[in-house]
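Single-letter residue listing:
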Amino acid sequence: MDNNQLHSLKTDIFSRAKIFIEQIGEFAPFGSEVIEGKINPVMYHDEPNKDGFIDSKEAVRVLKEQFSKGIKKKVIDAAAIAYDVAVNIKNSDGVSEKRDALCLEITEDGDNWNDEYFPYMIIDRQCVWR
């Protein structure tokens, strides 16, 4: 996957995450796949538990499994998964505090998933990446 495709994949993930964050305040895990240079969004579908929540760990596991199989069968060129997490970061005073963040995991071979964390804040109902 070239840098333009990687940039487009990340842009797709961030734009959808921003919508979920601004409209709902959080989001269930979701992903995107690259097939012949085209980015296709992929959502995890399952029944919420009795509290109305989706098991995020299970959703990430299922998405990774689906994408990895597709990549190994050479149907998918690359894939990314995004999910909402809390991370510790240092504020401007150097004090560690928990922040909401998007975890972005990307793979091109179906075996190695590289993850990055992108903290965000909601300011005036707008998602601001920190």
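Attention in this report is confined to the structure presented alongside it. In this text, all values refer to a predicted model and were calculated from it rather than measured experimentally.

Calculation notes
Residue positions are counted from 1 within each chain, in the order its sequence is given. The model is predicted, so local features are restricted to residues of pLDDT at least 70 and side-chain atom pairs to those at 80 or more, both for listing and for counting; the totals for chains, interfaces and linings are taken over all residues. Remark: hydrogens and water are excluded; side-chain values derive from all non-hydrogen atoms of the structure. Helix and strand labels come from DSSP, where a helix needs a run of H or I of at least four residues and a strand needs a run of E of at least two; each type is numbered from the N terminus. Throughout this description, buried means an accessible area under 20% of the type-specific maximum (1.4 Å probe, protein chains only), exposed means over 50%, and partly exposed covers the range between. Aromatic pairing here means that ring centres of Phe, Tyr or Trp (its six-membered ring) are within 6.5 Å. Orientation follows from the plane angle: under 30 degrees is stacked, over 60 is edge-to-face, and everything else is tilted. For two strands to be treated as a pair, DSSP must find at least two bridges joining them. Here the axes come from fitting lines to C-alpha atoms, over the contacting stretch only for helices, and the angles between their N-to-C directions go from 0 to 180 degrees. Two residue types count as positive, namely Lys and Arg, and two as negative, namely Asp and Glu; His and chain ends fall outside the count. Every case where a carboxyl oxygen of Asp or Glu lies within 4 Å of a side-chain nitrogen of Lys or Arg is listed as a salt bridge.

1. Examining the environment of Glu58
At step 1: Along the chain, Glu58 falls in helix H2 (residues 56-72).
At step 2: Owing to a relative accessible area of 29%, Glu58 belongs among the partly exposed residues under this scheme.
At step 3: Expressed as a C-alpha distance, the spacing of Glu58 and Pro29, which sit 29 residues apart in the sequence, is 9.5 Å.

2. Here we look at the packing of aromatic side chains
At step 1: A complete count under the given rule lists 6 aromatic pairs for this structure.
At step 2: Aromatic pair Phe14 and Trp129: ring centres 4.8 Å apart, planes at 85°, arrangement edge-to-face. Of this pair, Phe14 sits in helix H1 (residues 3-24) while Trp129 sits in strand E6 (residues 126-129), placing them 115 residues apart in sequence.
At step 3: Residue classification places Trp129 among the partly exposed residues on the basis of a relative accessible area of 29%.
At step 4: Their ring planes at 75° and their centres at 5.7 Å tell us that Tyr120 and Trp129 sit as a pair that is edge-to-face.

3. Regarding the sheet that holds strand E3 (residues 78-90)
At step 1: Pairing in this open sheet of 6 strands is antiparallel, and the strands run E2-E1-E3-E4-E5-E6 from one edge to the other. For this open sheet the edge positions go to strand E2 (38-43) and E6, each flanked by a neighbour on one side alone. Shown here is a sheet whose adjacent strand axes are inclined to one another by a mean of 35°, direction ignored.
At step 2: As judged from the 6 bridges shared by strand E4 (residues 96-107) and strand E5 (residues 114-123), these two strands associate in the antiparallel manner. In the strand pairing of E5, Cys103 is matched with Tyr117.

4. Notes on the pairing of E5
At step 1: Counting the residues between successive antiparallel strands, the hairpin from E4 to E5 contains 6 residues, one of them, Gly110, with a positive phi of roughly 85°.
At step 2: Note: E5 against E6, 4 bridges, orientation antiparallel. Residue pairing for E6: Ile123 is matched across the bridge by Gln126.
At step 3: The antiparallel pairing of E5 with E6 creates a hairpin that spans 2 residues between the two strands, and Asp124 there sits at a positive phi of about 50°.

5. A word on the side chain of Glu33
At step 1: For Glu33, the position within the fold is in strand E1 (residues 30-35).
At step 2: Among buried Asp, Glu, Lys and Arg side chains, Glu33 stands out as unpaired, with Lys38 the closest opposite charge at 9.1 Å.

6. What about unusual backbone geometry?
At step 1: One non-glycine residue, Glu36, adopts positive backbone phi at about 50°.
At step 2: Structurally, Glu36 is set in the loop between E1 and E2.
At step 3: The phi angle at Lys74 is positive, at roughly 65°, despite the residue not being glycine.
At step 4: By the element assignment, Lys74 lies in the loop between H2 and E3.

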